[in-house]
Amino acid sequence: MTDLERNPKSGGIDRRTVLQLSGAGLAAATLAATSASAQYTGTWDKVFPPNDRVDHRKVRYANRLGIELVADMYMPRDLDTTQRHPALIVGHPYGGVKEQTAGLYAQTMAERGFVTIAHDASFNGESGGQPHFISSPEATVEDFSAGVDFLGRQAFVDRDRIGVIGVCASGGYSLAAAQIDTRIRAVATVSMYDMGGAKWAWGGTPMTDEDRIRSLTEIGAQRWAEVDGAPVRYGALPDVLTEDTDPITREFFDYYRTARGAHPRATTAMAVSGDPSYLHFHPFDHLDRISPRPVLLIAGENAHSLFFSEQAFESASEPKELHVVAGAGHVDLYDKVDLIPWDKLQSFFERHMTV
C-alpha cells in the first residue's frame, strides 16, 4: 500500500486515501497470504467458532456469466425439510471471503431460523473466475442473483421469502442487485460501502476532472505494462503498521491482519486495473426502484462509513430504515457479536418476508 495522505484540515482521511485503501492506488502491495494463515488447520476453516445448533455444508453453483461460485450453506439443525423456509444470501466485504464476517452472519441467522448461504464473490476466495483477485461490479452484483437461483431450487426454501444481507462493499452490491432482481424480497446492509463512491467520489464529492484523468492515465499505463509482461499491481492493506498509519487502515488491519479475522484466502489484494469500472457503478442512483420492498441500513455511530448509509437512506423510498448502533465503529459490526443488532435483523426479515 502506498503511503496514505492525511487531510491536514480535518485530521481525518481524505478521498484519495480511501481510494487507495479500496484498491485504486497504483503503488500496491505484493499479492501474498499473510503469516496469520498458519493458524488454519483442520476441517473448520472459519475465523469464528462453529455453532452446534446449525448444520453447515459447502455448495457450488454457477452465475449467469458461467462463473462457478462456492458458498457455505447454513441451516438450523432441527430444520423440517418437508416445509419451505425463508432464506438469506450474505455477501462479504471487498477483499474478504465467506469464512469471515459473512459466514458469521450466515451462521447466526441460521440459528435464528433461516436457511442461509455466504458466498465468495466471483474472482475471489474459492469461487471461480480468472484471473483471481480482481473486482467486477457486474459480476459481483450478479452473484447475488445467482444465490437466489440456487436457494430457489432447494425444496425446503420458499422462493417468495429470499432476502439479502450485504456487509461493507456487499451492501452496495446487494442494493444494486435488488434494484434489478425483484425476487429479492428484502435487503439489509451492515457497515455499507458504495465502492463507486469510495473510489471516485469519497464523501459524495466527485474527483476533479484533473484528478480523474490523472488516475485513469496512471491505470492505463499500468495496463500497458502488464500487457508487456510486467507483474500485476494490487491495492491491499499493509503487512505492518507504522506510527504514520492512519486510523481507517488501523481499523481494517486489526481485523484482516490479526488472528481476529485473518484468513489465508483473504489477502485484501485487488488488481488496480479494475478500478475504472467503478466510475460507472452508482448503486444509490435508483434506490427508489427497490420500493415497495424494504431496505434496512445498519451502521455504527462512530463508523467512518456512516455517511454511505445516510446517503442511501435519503435516496431510498419507503419502506426504509436507518439503524445506527451506539458506540460501534465500521469494523466492529464485522464480528463483535454483542454490538451486532441480531434481533433487529431477525425481526426485519420476519416482518417483511411473511408467508
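Up top is the structure these notes are about.
Basis of the calculations
- Residues numbered from 1 in each chain as written.
- Predicted model: local features only at pLDDT ≥ 70, side-chain atom pairs only at ≥ 80, totals over all residues.
- Heavy atoms only, no water.
- Helix = DSSP H or I, 4+ residues; strand = E, 2+ residues; numbered from the N terminus.
- Buried < 20%, exposed > 50% of the residue type's maximum accessible area, 1.4 Å probe, protein only.
- Polar contact = N/O pair within 3.5 Å; in protein donor to acceptor, adjacent residues only side chain to side chain.
- Phe/Tyr/Trp six-rings, centres within 6.5 Å; stacked < 30°, edge-to-face > 60°.
- Lys NZ or Arg CZ within 6 Å of the ring centre and 35° of its normal.
- Axes fitted to C-alpha atoms, helices over the stretch in contact; angles between N-to-C directions.
- Parallel < 35°, antiparallel > 145°, perpendicular 65-115°, else oblique.
- Left-handed = near helix turned anticlockwise from the far one by under 90°.
- Contact = heavy atoms within 4.5 Å.
- Nonpolar A, V, L, I, M, F, W, Y, C, P; charged D, E, K, R; others polar.

**Focus on the side chain of Thr249**
- Looking at the secondary structure, you find Thr249 in helix 7 (residues 247-256).
- Residue Thr249 is classed as buried on the basis of its relative accessible area, which comes to 1%.
- There is a polar contact of 2.8 Å between the side chain of Thr249 and the side chain of Asp246.

**Points about the packing of aromatic side chains**
- Following the criterion strictly, the structure yields twelve aromatic pairs and no others.
- Centroid distance Tyr105 to Trp342: 4.9 Å. Interplanar angle 55°. Geometry classified as tilted. Taken together, the residues Tyr105 in helix 2 (residues 101-111) and Trp342 in helix 10 (residues 342-352) connect sequence positions 237 residues apart.
- Among the residues examined, Tyr105 registers a relative accessible area of 0% and is labelled buried.
- Both rings, one in Tyr255 and one in Tyr256, keep their centres 5.1 Å apart while their planes meet at 85°; by these two values the pair is edge-to-face.
- Residue Tyr256 is classed as buried on the basis of its relative accessible area, which comes to 3%.
- One aromatic cluster is present, built from ring pairs that chain together Phe114, Phe348 and Phe349.
- In this structure, Lys199 is placed above the aromatic ring of Tyr278, and the distance from its NZ or CZ to the ring centre is 5.4 Å.
- Over the ring of Phe313 we find Lys320, and its NZ or CZ is 4.5 Å from the ring centre.

**A word on the environment of Asp78**
- As for its position among the elements, Asp78 is in the loop between strand 2 (68-76) and strand 3 (85-91).
- For Asp78, a relative accessible area of 68% puts it in the exposed group.
- Separated by 23 residues in the primary sequence, Asp78 and Asp55 place their C-alpha atoms 8.9 Å from one another.

**Thoughts on the packing of helix 3 (residues 137-152) against helix 4 (residues 169-180)**
- At a closest axis distance of 9 Å, the pairing of helix 3 and helix 4 adopts a crossing angle of 65°. It follows that helix 3 is roughly perpendicular to helix 4 by the angle criterion. The chirality of how helix 3 crosses helix 4 is right-handed. On the side of helix 3, the interface is formed by Thr140, Val141 and Phe144, while helix 4 contributes Ser170, Tyr173, Ser174, Ala176, Ala177 and Ile180.
- Partitioned by chemical class, the residues of the contact of helix 3 with helix 4 number six nonpolar, three polar and no charged.

So, to be careful, I would describe these as geometric facts and stop short of saying anything about function.
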